[in-house]
Amino acid sequence: MARLTGKVAIVTGAGIGQGRSTALRLAREGANVLAADLSGAENETAAELPDSITPVRADVTNAADVEALVAVATRTFGRLDVLCNVVGVAGIAQAAIPDIDELDYEKLMSINLKSAFLGMKYAIPAMVASGGGSIINWSSVGGLVSSPHTAVYGASKAGILSMTRTAAREWGTANIRVNAICPGFIYPTGMTLMGEREFPEAVRRAASKSALNRAGHPDEVASVAAFLASDDASYMTGSYLVVDGGWTAG
């Protein structure tokens, strides 16, 4: 398929997991993709499809880096059509509320929520200039259901859903659609690999919560992102799609 031919997309967290899979999927559907990451692994992602993917080193919790990232897209390709705010982390501030360290709280909120805010802050004006676009924010089933010791993570992901709805209402008349994806337990990703090292039993339990009795794969989330980025989702905005293998159906 080539549903995204001629489109220009930014994908954050593109070095591993869902970000990497999303960058590759959008490129295979015809988009010119800027693969942003801080780790250096964005270069490996770009090497898979060098004619379609440009690696950009960026810290998406830093306003100057995000502004520069959007500028690379518009300077290189003359437009911006798609933003995928994939970057996220878990396993930080994972404790009962009285035991959460304030610095851990701030770090997690910066990575998960501030990064999405900055992405939209700088991408929206570029999309307005391009005649519209599609923003896809990565939330989580953790933003929909709760469990012990995940107050900060859940709050960050619920905040993404709230910002998604607000942005959709603000920019719909500018032909900008804003939606979110709520993945369940997806393996392998940066989050789940770290969780496997730190909390192996919790990881095993998480995989078994799916009605399909398995973890999802990053490619299965990327395919949903490609749909939301495309004109196939032209009447979807301010919404979210749950990609959790039936976890939240229980």
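Residues numbered from 1 in each chain as written. Predicted model: local features only at pLDDT ≥ 70, side-chain atom pairs only at ≥ 80, totals over all residues. Heavy atoms only, no water.

An unreviewed UniProt entry lists the protein chain under the name SDR family oxidoreductase, from Frankia nepalensis. Quoted verbatim from the Sequence similarities (unreviewed entry) heading of the UniProt record, the comment on the protein chain is "Belongs to the short-chain dehydrogenases/reductases (SDR) family." (UniProt positions renumbered as here; feature names shortened; annotations may be inferred.)

Caption draft 1: Layout of the packing of helix α1 (residues 17-28) against helix α8 (residues 218-229). Viewed as axis vectors pointing N to C, α1 and α8 meet at an angle of 50°, and their least axial separation amounts to 8 Å. The pairing of α1 with α8 is recorded here as oblique in orientation. Handedness of the α1/α8 crossing: right-handed. Of the residues in α8, those in contact with Gly17, Gln18, Ser21, Thr22, Arg25 and Leu26 of α1 are Pro218, Asp219, Val221, Ala222, Ser223, Ala225, Ala226 and Ala229. Residue classes in the contact of α1 with α8 are distributed as 7 nonpolar, 5 polar and 2 charged. (Axes fitted to C-alpha atoms, helices over the stretch in contact; angles between N-to-C directions. Helix = DSSP H or I, 4+ residues; strand = E, 2+ residues; numbered from the N terminus. Parallel < 35°, antiparallel > 145°, perpendicular 65-115°, else oblique. Left-handed = near helix turned anticlockwise from the far one by under 90°. Contact = heavy atoms within 4.5 Å. Nonpolar A, V, L, I, M, F, W, Y, C, P; charged D, E, K, R; others polar.)

Caption draft 2: Local environment of α8. The terminal C-alpha atoms of α8, which comprises 12 residues, lie 16 Å apart, in line with the 16 Å expected from a rise of 1.5 Å per residue. Burial in α8 covers these residues: Pro218, Val221, Ala222, Val224, Ala225, Ala226, Leu228 and Ala229. Those residues of α8 that are buried lie in contact with α1, β4 (82-85), β5 (133-138), β6 (176-183) and β7 (240-243). (Expected span 1.5 Å × (residues − 1). Buried < 20%, exposed > 50% of the residue type's maximum accessible area, 1.4 Å probe, protein only.)

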